[in-house]
Amino acid sequence: MEEQNTQLYEFLERLGKPGCIFIDLRTPEEYAQGHLSGAINIPYDDLEEKKSRLYKKDQIFLYCDRGNVSLMACRDLKREGYKVINLWGGVYALQKAFDRMDKKFVDMIWKKN
């Protein structure tokens, strides 16, 4: 569990940094309910046709509901030369971690439409 928390904080530290692209692979409806600030919504089913818009030089961070879909997408993009990192546990892990974080920080990084 501690390793997963370390990975989560390293993931969040890159939020908003130049050259770091965060992609939420969930549906537009799920994205609207809450997402990381600055993350773009590319549903998993649309990723194949939209990946050409991504730069292979950027560090791409993927997340989904529980981390399984983003793990598959991560594996596929890595094979094609993209630099990608998967968020283990996805939004589920984020929301559990939010309970232990400062509310002001959470409000800064988690947006709802």
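A quick note: this is a predicted structure, and the numbers were derived from the prediction, not measured.

**Some thoughts on the sheet that holds strand β5 (residues 83-86)**
Pairing is parallel in the open sheet, where four strands are placed in the order β3-β1-β4-β5. Strand pairing shows two members of the sheet lacking a second neighbour, β3 (40-41) and β5, which therefore form its edges. The strands that helix α4 (residues 68-79) touches are β4 (59-63) and β5; relative to β5, the one it contacts most, it runs at about 165°.

**With respect to the pairing of β5**
In regular strands, side chains alternate between the two faces of the sheet. Side-chain alternation along β5 places Val84 and Asn86 on a buried face and Lys83 and Ile85 on a face that remains uncovered. Where the polypeptide runs from β4 across α4 and back to β5, its parallel neighbour, the crossover connection is right-handed.

**Some points on the nonpolar core**
With 19 residues, the main nonpolar core has Phe22, Leu36 and Leu94 as its most contacted residues. Secondary-structure elements contributing two or more residues to this core are α1 (2-13), β1 (20-24), β4, α5 (90-98) and α6 (103-109). In terms of residue count, the dominant contributor to this core is α5 (four residues). Those residues within four positions of Leu36 in sequence are excluded, and the remaining contacts are Phe11, Leu12, Leu15, Phe22, Tyr63, Leu94, Ile109 and Trp110. Ranked by size, the runner-up nonpolar core spans 13 residues in total, among them Ile42, Cys64, Ala73 and Tyr82.

**A word on the side chain of Asn86**
In this fold, Asn86 is placed in strand β5. Look at Asn86 and you get buried, because its relative accessible area is 5%. Polar contacts involving the side chain of Asn86 include one to the side chain of Ser70, which spans 2.3 Å. Polar side-chain contacts of Asn86 include one of 3.4 Å to the backbone nitrogen of Leu71. In this structure, Asn86 is in contact with Gln7, Phe11, Leu62, Gly67, Ser70, Leu71 and Cys74, ignoring residues within four places of it in sequence.

**A word on the state of the cysteines**
Taken as a whole, this structure holds zero disulfides when the rule is applied. Cys74 provides the cysteine sulfur closest to Cys20, a residue in no disulfide bond, and the two sulfurs are 14 Å apart. Cys74 carries a free sulfur, and the closest cysteine sulfur to it, the one in Cys64, is 11 Å from it.

**Digging into the confidence of the model for the protein**
For the protein, mean pLDDT is 93; residues scoring 70 or higher make up 95% of the total. Per-element averaging of pLDDT across the protein places α1 at the bottom with 75 and β3 at the top with 98.

**Notes on the pattern of salt bridges**
Taken as a whole and assessed by the stated rule, the structure comprises six salt bridges. When the shortest N-O distance is used, the salt bridge between Lys51 and Glu48 registers 2.9 Å. A relative accessible area of 57% places Glu48 in the exposed class. A single network of salt bridges, built from pairs that share partners, joins Glu48, Lys51 and Glu80.

Conventions adopted
- Counting starts from 1 at the beginning of each chain's written sequence and moves along it residue by residue.
- Only residues with pLDDT of 70 or above have their local features reported here, since the model is predicted, and side-chain atom pairs are shown and tallied only from 80 upward, although totals for entire chains, interfaces and linings are computed over all residues.
- With hydrogens and water set aside, each side-chain value is computed from the structure's full complement of heavy atoms.
- Strand pairing is defined by DSSP finding a minimum of two bridges between the two strands.
- Starting at the N terminus, helices and strands are each numbered in turn, a helix being any DSSP run of H or I of at least four residues and a strand any DSSP run of E of at least two.
- What makes two residues a contact is simply this: any of their non-hydrogen atoms within 4.5 Å.
- Note on geometry: axes are C-alpha line fits, over the in-contact stretch for helices, and angles between N-to-C directions span 0 to 180 degrees.
- Each residue's exposure class comes from its accessible area (1.4 Å probe, protein chains only) as a fraction of the maximum for that residue type: buried when under 20%, exposed when over 50%, partly exposed otherwise.
- Seen with the strands pointing away from the viewer, any crossover whose path from the first strand over the helix to the second strand runs clockwise is right-handed.
- What is meant by a nonpolar core is a set of buried Ala, Val, Leu, Ile, Met, Phe, Trp, Tyr and Cys residues, joined one to another through side-chain atoms within 4.5 Å.
- The definition of a polar contact used here is a pair of N or O atoms within 3.5 Å, where within protein one atom must be able to donate a hydrogen and the other to accept one, and adjacent residues in sequence count solely through side-chain atom pairs.
- Throughout, disulfides are identified as pairs of cysteine sulfur atoms within 2.5 Å of each other.
- On a scale of 0 to 100, pLDDT captures the predictor's confidence in every residue.
- Basic side-chain nitrogens of Lys or Arg form a salt bridge, by our definition, when they fall within 4 Å of a carboxyl oxygen of Asp or Glu.

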